[in-house]
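So you can see what is in the structure, the chains are spelled out below.
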Amino acid sequence: MIKTVVVDRIKNAHQRALKIEEVITEQKEQGFDFVSALGTAKQETILFFDENPGHKLNSDINKGIKEVKGKIDKIVDVIKK
């Protein structure tokens, strides 16, 4: 799945670059890999992302591990008492 995000006009190039970095980092945390960017005539930037299928799988696995670890911790606490 392709996702697009539009970064509104920011005249200062350094501030625009920081905003683009921020958006790319946010999308990466949500499981989208940065693909490309396109600048418009009005100084807007369109960012293109592709869904990373491994991200959801990894987050599901980590969630399952945390649940199992929590259950094991409860059992160990009961045994220690």
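Residues numbered from 1 in each chain as written. Predicted model: local features only at pLDDT ≥ 70, side-chain atom pairs only at ≥ 80, totals over all residues. Heavy atoms only, no water.

Examining the sheet that holds strand 3 (residues 45–51)
Keep this limit in mind: If DSSP finds at least two bridges between two strands, the strands pair. By definition, any uninterrupted DSSP run of H or I lasting at least four residues is a helix, any uninterrupted run of E lasting at least two residues is a strand, and each is numbered from the N terminus. Only the stretch in contact is used when a helix axis is fitted, and all axes are lines through C-alpha atoms; the angle between N-to-C directions ranges over 0 to 180 degrees. By definition in these notes, contact holds between two residues if any of their heavy atoms fall within 4.5 Å.
Ordered in space as 1-3-2, the three strands form an open sheet in which the pairing is antiparallel. Strands at the two margins of the open sheet, each flanked by one partner only, are strand 1 (2–7) and strand 2 (32–39). Recorded for the sheet is a direction-independent mean angle of 25° between the axes of neighbouring strands. In terms of strand pairing, strand 1 meets strand 3 through six bridges, oriented antiparallel. In the strand pairing of strand 3, Lys3 is matched with Phe49. Contacting strand 1, strand 2 and strand 3, helix 1 (residues 13–29) crosses the sheet at an angle of about 20° to strand 3.

Observations concerning the packing of aromatic side chains
Just so we agree on the cut-off: Ring pairs shown here join Phe, Tyr and Trp side chains whose ring centres sit within 6.5 Å, with only the six-membered ring taken for Trp; geometry is labelled stacked below 30 degrees between planes, edge-to-face above 60, and tilted in between. Geometrically, a lysine NZ or arginine CZ counts as sitting over a ring once it is within 6 Å of the ring centre and also within 35 degrees of the ring normal.
Under the defined criterion, the tally for this structure stands at one aromatic pair. For the pair Phe34 and Phe49, a centre-to-centre distance of 5.9 Å together with 65° between the ring planes defines the contact as edge-to-face. Placement of Phe34 in strand 2 and of Phe49 in strand 3 is noted, with a sequence separation of 15 residues between them. A cation over a ring is seen here: Lys3 above Phe32, with NZ or CZ 4.6 Å from the ring centre.

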